[in-house]
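Residues per chain, in single letters:
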Amino acid sequence: MADSTSNPSIKDEDTYEALRDKGMSKEKAARIANAQANDGQSPSEKGGKAPPYEDWTKDDLMDRAQEIGIEGRSKMDKDELIEALRSH
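Just so we're clear, the structure is a prediction, and the values are computed from it rather than from any experiment.

Trainee: I tried to follow the overall build of the protein chain on my own but got confused; where do I start?
Mentor: Secondary structure assignment for the protein chain yields 4 helices and 0 strands. Order of helices (α) and strands (β) in the protein chain, N terminus to C terminus: α-α-α-α. Here the protein chain displays about 6,800 Å² of accessible surface, and carbon together with sulfur accounts for 45% of that area.

Trainee: Is there a simple way to think about helix α1 (residues 13-21) in this case?
Mentor: Given 3.6 residues per helical turn, the α-helix brings residues three or four places apart onto the same face. All of the buried residues along α1 are T15, Y16 and L19. Buried positions in α1, seen along its axis, are confined to an arc of 100 degrees and lie on one side of it. Opposite the buried face of α1, at more than 90 degrees from it, the exposed residues are D14 and D21. The first or second residue beyond α1 is G23, which carries a positive phi of 100 degrees.

Trainee: Which parts of the structure should I look at to understand the nonpolar core?
Mentor: One finds Y53, L61, A65, I70, M76, L81, I82, A84 and L85 forming the largest nonpolar core, which totals 9 residues. Here the element with the most residues in this core is helix α4 (residues 78-87); it accounts for 4 residues.

Trainee: Where do I start with the pattern of salt bridges in this structure?
Mentor: Note that side chains of opposite charge can pair when their charged atoms are close. Taken as a whole and judged by the stated rule, the model has 3 salt bridges. For the salt bridge of E54 with R86, the shortest nitrogen-to-oxygen distance reads 2.9 Å. Taken as a pair, E54 in the loop between α2 (26-37) and α3 (58-68) and R86 in helix α4 lie far apart in primary sequence, 32 residues in all.

Trainee: Sorry, what's going on with the confidence of the model for the protein chain here?
Mentor: Detailed reading of the predicted coordinates is not advisable wherever pLDDT falls low. Averaged over all residues, the pLDDT of the protein chain is 80; the fraction at 70 or higher stands at 77%. Mean pLDDT in the protein chain bottoms out at α2, which sits at 78, and peaks at α4, which reaches 94.

Trainee: Please clarify how the packing of α3 against α4 should be interpreted in this entry.
Mentor: Look at α3 against α4: their axes get within 10 Å of each other, and the N-to-C directions meet at 35 degrees. The two elements α3 and α4 meet at a crossing, and its hand is left-handed. Contacts from K58, L61, M62, R64, A65 and I68 of α3 reach α4 at K78, L81, I82 and L85. Tallied by class, residues from the contact of α3 with α4 come to 7 nonpolar, no polar and 3 charged.

Conventions we followed
Residues numbered from 1 in each chain as written. Predicted model: local features only at pLDDT ≥ 70, side-chain atom pairs only at ≥ 80, totals over all residues. Heavy atoms only, no water. Helix = DSSP H or I, 4+ residues; strand = E, 2+ residues; numbered from the N terminus. Areas by Shrake-Rupley, 256 points an atom, 1.4 Å probe, with all protein chains shown as cover. Buried < 20%, exposed > 50% of the residue type's maximum accessible area, 1.4 Å probe, protein only. Arc of directions from axis to C-beta. Core = buried A, V, L, I, M, F, W, Y, C linked by side-chain atoms within 4.5 Å. Salt bridge = Lys/Arg side-chain N within 4 Å of Asp/Glu carboxyl O. pLDDT = per-residue confidence, 0-100. Axes fitted to C-alpha atoms, helices over the stretch in contact; angles between N-to-C directions. Left-handed = near helix turned anticlockwise from the far one by under 90°. Contact = heavy atoms within 4.5 Å. Nonpolar A, V, L, I, M, F, W, Y, C, P; charged D, E, K, R; others polar.

What follows is the structure, given as structure tokens:
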């Protein structure tokens, strides 16, 4: 078993630590690390049927940004909205 600093609920400590080093929250890093450690899941292949943000209109991006509460959206151009939505 790993040393006492390891978290038994994290299935891939190396991935978890790398994601935390990149600034991800503990919860998000744990979800991704555990999904990657599970052979039945492929996080990079998940996703819905929605078109990529690049195919959305700026108005649709603004509406989505408002729904999730992105601050400063009214001053953002389309590329900035896409980045804000993806990093939220």
